[in-house]
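A structural walkthrough
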Amino acid sequence: MTSRRKYDPRSKEQVFDTLRREILAARLKVTLDEQLGRTTSSTVKRLSKMKLPPIVRTYCPVDDACGYSDGTSLPKN
């Protein structure tokens, strides 16, 4: 049985956050497995070697959090 998604797959921000978290967790698991002399699955090893995706923020939930008094996000380059 598969678990339900806890993010909206249409949201780039949520997908990247989830992927970053999974990659970092895989890196931690590989390190701990090495220290404890356990084997790590090839899937986790491959995930741990992935490059971290960029941090994406599409909004600023707090007024002036991005430097704008109206709470809008930073201008796009």
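Report follows, based on the coordinates. Numbers given to residues run from 1 along each chain, matching the order in which its sequence is written. Totals for whole chains, interfaces and linings use every residue, but because this is a predicted model, local features are given only for residues with pLDDT of at least 70 and side-chain atom pairs only at 80 or more, for both listing and counting. Side-chain numbers here rest on the full set of heavy atoms in the structure, without hydrogens or water.

Attention now moves to the side chain of T40. Secondary structure is summarised from DSSP: a helix means a run of H or I of at least four residues, a strand means a run of E of at least two, and numbering begins at the N terminus for each. Secondary-structure assignment places T40 in the loop between α1 (12-36) and α2 (42-48). Only protein chains enter the accessibility calculation, which uses a 1.4 Å probe; a residue whose area is less than 20% of its type maximum is buried, one above 50% is exposed, and one in between is partly exposed. Overall, T40 belongs to the buried group, its relative accessible area being 12%. Two N or O atoms form a polar contact when they lie within 3.5 Å of each other; inside protein one atom must be a possible hydrogen donor and the other a possible acceptor, and for residues adjacent in sequence the pair counts only when both atoms belong to side chains. Only 2.8 Å separates the side chain of T40 from the side chain of D33, close enough to count as a polar contact. In this analysis, two residues are considered to be in contact whenever any of their non-hydrogen atoms come within 4.5 Å of each other. For T40, the residues in contact, after removing those within four places along its chain, are V30, D33 and K45.

Glancing now at the layout of surface pockets. Throughout, the protein atoms alone are placed on a 1 Å grid, and a set of points is a cavity if a 1.4 Å probe fits but cannot get out or a pocket if it is open with protein on both sides within 12 Å along at least five of seven lines; lining residues have an atom within 4 Å of a point. Grid points are joined across faces, edges and corners, and a volume is the space filled by probe spheres set on the points. Taken as a whole, the largest pocket holds about 200 Å³ of empty space. In terms of lining residues, the largest pocket is bounded by ten residues, among which R4, R5, K6, Y7 and T18 are the most central.

Below, the discussion takes up the environment of L52. With respect to the secondary-structure elements, L52 resides in the segment after α2. The contacts of L52, once residues within four sequence positions are left out, are R20, I23, L24 and R27.

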